[in-house]
Amino acid sequence: MDLYGEKNGGHRLRIGLFGQSGPFAPMALRELLGPSAGSAGADWEVVLVVEGRRKPMGRSNHRWQMPVTNRKSMGSLPRTQGLAELALAAGIPVFQTCDVNSVKALRELSKIPFDLLICVGFDCLFKQEVLHLPARGAWNCHPSFLPDLRGPAPIFWALKRGDTSIGVSIHQLDLREDNGPLLHQGAISLQAMDTGSQIFERVGKWVGRELQKVLAQELLGQLRAVPQGQPDGPRATRVKPEDVFVEPRNWSCGHLVRFACGAPYFRAPWLRMGEDTYYIRRGIEAVPGRKIPAQYALVGSELFVGCADGVARLEIQT
């Protein structure tokens, strides 16, 4: 598929990036636009950023924000988790919407033509009309080894089951959830005390860098799509209160501390000791092979709990 050059009208590959504010999409955009892009960016450019919003902007469900910065003269990009702020600083028009699939949104998005839709953490599935907007297809960047952990919260469920690395997949979008053919996959190792935000930042950085490679392959006609198989595990559903309940005696102390560090990004983990319920703010330390005289000990805001193989030291909400 020829995406650029004379056969495609002589323009560079025009990208519309769809995402949300937070640690994921802005980090991917920063890497995609940054110095590491090198000469690869000569063949493609981000011409539009679409920010999904959960709440209306004033009285409106849709809003354009146009940059005042000239791309050629812009300096370093700001350190921000605001997707619109980052895009505008880079000289990219931003369309903010609470309903990307609406007739109004489709009409507005058709005002800026783009060749390729790249989704980085958008909060809903796209209807066929949205997928038909880009001239050359749509890709999604998902933080799991697809088809494992399809769904909106793969990082949480990877933490809960004790994974020590996070898979990342770039795949073609279709109408089904995280379902299209795979284009590229990789993995990021988890550090013992990673917060959820830190994990998303590292995944976003990986996505931005690896997208440059995938784009280069596509432009050279060397990219191959591989169909996904059936899911290897349960769907990564949105996190409910019962999903963050912890029974320490069934967990290793290392697993519990990693979960206690990463899971609060989604919802505060909680456990019940006797008649008392404690909500975990973060994990502090895992001490394998150690025991405490009772099932738990509370010292100020620190909770020491006995696990299957040792003791987990946790900070609780007070």
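Keep in mind it's a predicted model, so treat the numbers as computed, not measured.

Visitor: Report on the nonpolar core, specifying residues and quantitative values.
Guide: Counting 71 residues, the largest nonpolar core has Val49, Val120, Trp139, Val203, Val207 and Leu314 as the members making the most contacts within it. Counting residues per element, this core draws most heavily on helix α6 (residues 196–219), at nine residues. Of all hydrophobic cores here, the second largest spans 19 residues; its members include Val47, Leu48, Leu106 and Cys119.

Visitor: Describe the confidence of the model for the protein chain, naming the residues involved and giving the relevant values.
Guide: Do not read the predicted coordinates in detail wherever pLDDT is low. Summarising the model, the protein chain shows a mean pLDDT of 92, and 92% of its residues fall at 70 or more. In the predicted structure, residues 1–9 sits below a pLDDT of 50 and forms 17 contacts with residues beyond four places in sequence or in another chain.

Visitor: So what's going on with the environment of Phe259? Which residues, and what values?
Guide: Mapping Phe259 onto the fold places it in helix α7 (residues 253–262). Distance from Phe259 to Pro231, taken between C-alpha atoms, is 23 Å for residues 28 residues apart in sequence. Look past the residues within four positions of Phe259 in its chain and what remains in contact with it is Phe156, Leu159, Lys160, Asp243, Val244, Val246, Trp251, Pro264 and Pro269.

Visitor: Tell me what's going on with the pattern of salt bridges, and back it up with residues and numbers.
Guide: As enumerated under the stated definition, the model contains 16 salt bridges in all. Between Glu31 and Arg209 there is a salt bridge; the shortest N-O distance is 3.0 Å. Here Glu31 is found in helix α1 (residues 25–33), whereas its partner Arg209 is found in helix α6, with 178 residues between them in sequence. You can call Glu31 buried: its relative accessible area is 10%. Here Glu285 makes a salt bridge to Arg313, at a shortest N to O gap of 3.3 Å. Of this pair, Glu285 sits in strand β10 (residues 276–288) while Arg313 sits in strand β13 (residues 310–316), and the two are 28 residues apart along the sequence. Residue classification places Arg313 among the partly exposed residues on the basis of a relative accessible area of 24%.

Visitor: Describe the side chain of His255, listing the residues and the values that go with them.
Guide: Tracing the backbone shows His255 in helix α7. One polar contact links the side chain of His255 to the main-chain carbonyl oxygen of Leu159, over a distance of 3.1 Å.

Visitor: Any chance you could break down the environment of Val47 for me, citing the residues and the numbers?
Guide: Position of Val47 relative to the elements: it lies in strand β2 (residues 44–52). Each C-alpha atom, one on Val47 and one on Phe245, is 44 Å from the other, the two residues being 198 residues apart in sequence.

Visitor: Requested: an account of the sheet that holds β13, with residues and values cited.
Guide: The sheet built from five strands is open, its strands ordered β9-β10-β13-β12-β11 with antiparallel pairing. A strand with exactly one partner marks an edge of an open sheet, and here the two such strands are β9 (270–273) and β11 (296–299). Pairwise comparison of adjacent strand axes, ignoring direction, gives a mean angle of 40° for this sheet. Relative to β13, β10 runs antiparallel, the two sharing seven bridges. Each bridged residue has a counterpart across the sheet, and for Ile280 the counterpart in β13 is Ile316. Taken strand by strand, α7 contacts β10, β12 (302–306) and β13, and its axis lies near 125° from that of β10.

Visitor: Before we move on, can you summarise the environment of Asp276 with the specific residues and values?
Guide: Note on placement: Asp276 falls in strand β10. Put simply, Asp276 and Arg235 are 41 residues apart on the chain and 32 Å apart in space, counted from C-alpha to C-alpha. Residues within four places of Asp276 in sequence aside, it is in contact with Leu271 and Tyr296.

Visitor: Before we move on, can you summarise unusual backbone geometry with the specific residues and values?
Guide: Here Leu146 and Pro147 are connected by a cis peptide whose omega angle stands at 15°. Along the polypeptide, Pro147 turns up in the loop between β6 (138–142) and α5 (154–160). Phi at Leu149 takes a positive value of approximately 60°, unusual for a residue other than glycine. With respect to the helices and strands, the residue Leu149 is situated in the loop between β6 and α5. Leu149 gets classed as buried once you look at its relative accessible area, which sits at 4%. Located in the positive-phi region is Asp178, a residue other than glycine, with phi close to 50°. Along the chain, the position of Asp178 falls in the loop between β7 (165–172) and β8 (182–189). Classification of Asp178 as buried rests on a relative accessible area of 9%.

Visitor: Give a description of the pairing of strand β1 (residues 13–19) that names residues and reports values.
Guide: As a general feature of sheets, a regular strand has side chains that alternate between the two faces. The buried fraction of β1 amounts to six of the seven residues, a majority that puts the element mostly inside the structure. Relative to β2, β1 runs parallel, the two sharing seven bridges. Bridge assignment links Gly19 to a residue of β2, and that residue is Glu51.

Visitor: Tell me about the pairing of β11, and name the residues and values.
Guide: In the sheet, β11 pairs with β12 via four bridges, with the strands oriented antiparallel. If you follow Tyr296 over to β12, its bridge partner there is Val305. Counting the residues between successive antiparallel strands, the hairpin from β11 to β12 contains two residues, one of them, Gly300, with a positive phi of roughly 65°.

Definitions and limits used
Residues numbered from 1 in each chain as written. Predicted model: local features only at pLDDT ≥ 70, side-chain atom pairs only at ≥ 80, totals over all residues. Heavy atoms only, no water. Core = buried A, V, L, I, M, F, W, Y, C linked by side-chain atoms within 4.5 Å. Buried < 20%, exposed > 50% of the residue type's maximum accessible area, 1.4 Å probe, protein only. Helix = DSSP H or I, 4+ residues; strand = E, 2+ residues; numbered from the N terminus. pLDDT = per-residue confidence, 0-100. Contact = heavy atoms within 4.5 Å. Salt bridge = Lys/Arg side-chain N within 4 Å of Asp/Glu carboxyl O. Polar contact = N/O pair within 3.5 Å; in protein donor to acceptor, adjacent residues only side chain to side chain. Pairing = 2+ DSSP bridges. Axes fitted to C-alpha atoms, helices over the stretch in contact; angles between N-to-C directions.

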